[in-house]
Amino acid sequence: MCNDNTIQELLPEYLAKTLDPGSITRVEQHLASCEDCRMEAGLLRLIAEDPVPDPGDAFWAGMPDRIYGELSAGNRPKKRILFPDISSWMFMPRLAWASALIIVIAAVSWFMVR
């Protein structure tokens, strides 16, 4: 596994041929000696060559409605549960339930002994 993060960050630009000549030479020298980075460059090249399919006219025609729907959903008030206070404490962690049970048992025991 190659630990040269600088070269790994330069690989996409190297494959797009947007690097300056000095960086190109540096990347090529590293690729000549590093099998991991050569494999990474090969995978990036395969990904870049794979065409991205067009989702079609129906997708693009419905896009504004989907965006509007998502934005509108964020502005809607959230549905309230019938008893929000009860529902919130019913989902307390187990440790909180155990602590509450110990307190109740201690209180009942104290009243029974007294």
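Cut-offs applied
Residues numbered from 1 in each chain as written. Predicted model: local features only at pLDDT ≥ 70, side-chain atom pairs only at ≥ 80, totals over all residues. Heavy atoms only, no water. Salt bridge = Lys/Arg side-chain N within 4 Å of Asp/Glu carboxyl O. Helix = DSSP H or I, 4+ residues; strand = E, 2+ residues; numbered from the N terminus. Buried < 20%, exposed > 50% of the residue type's maximum accessible area, 1.4 Å probe, protein only. Arc of directions from axis to C-beta. Contact = heavy atoms within 4.5 Å. Axes fitted to C-alpha atoms, helices over the stretch in contact; angles between N-to-C directions. Parallel < 35°, antiparallel > 145°, perpendicular 65-115°, else oblique. Left-handed = near helix turned anticlockwise from the far one by under 90°. Nonpolar A, V, L, I, M, F, W, Y, C, P; charged D, E, K, R; others polar. Disulfide = S-S within 2.5 Å.

### Here we look at the pattern of salt bridges
Part 1 of the reasoning: In total, this model carries one salt bridge according to the counting rule given.
Part 2 of the reasoning: For the salt bridge of Arg38 with Glu35, the shortest nitrogen-to-oxygen distance reads 2.4 Å. Taken as a pair, Arg38 and Glu35 lie in helix H3 (residues 35–49) at a separation of three residues, close to a single helical turn.

### Observations concerning helix H1 (residues 5–16)
Part 1 of the reasoning: For H1, the complete set of buried residues consists of Ile7, Leu10, Leu11 and Tyr14. Projected down its long axis, H1 shows its buried positions confined to an angular sector of 140°, all on one face. Along H1, exposed side chains directed more than 90 degrees from the buried face belong to Glu9 and Ala16.
Part 2 of the reasoning: On the buried face of H1, the contacting elements are helix H2 (21–33) and H3.

### A word on the packing of H2 against H3
Part 1 of the reasoning: Their axes nearest at 6 Å, the elements H2 and H3 cross at an angle of 115°. On the basis of their axis angle, the class for H2 and H3 is roughly perpendicular. In the crossing of H2 with H3, the sense of the turn from one axis to the other is left-handed. Only Glu35, Cys37, Arg38 and Ala41 of H3 make contact with H2, whose side of the interface consists of His30, Leu31, Ala32 and Ser33.
Part 2 of the reasoning: Tallied by class, residues from the contact of H2 with H3 come to four nonpolar, two polar and two charged.

### A few points about the state of the cysteines
Where two cysteines share a covalent bond between their sulfur atoms, that bond is called a disulfide.
Part 1 of the reasoning: Under the criterion given, the structure shown has zero disulfides.
Part 2 of the reasoning: Cys34 carries a free sulfur, and the closest cysteine sulfur to it, the one in Cys37, is 3.6 Å from it.
Part 3 of the reasoning: We classify Cys34 as buried; its relative accessible area is 10%.
Part 4 of the reasoning: Residue Cys37 is classed as buried on the basis of its relative accessible area, which comes to 1%.

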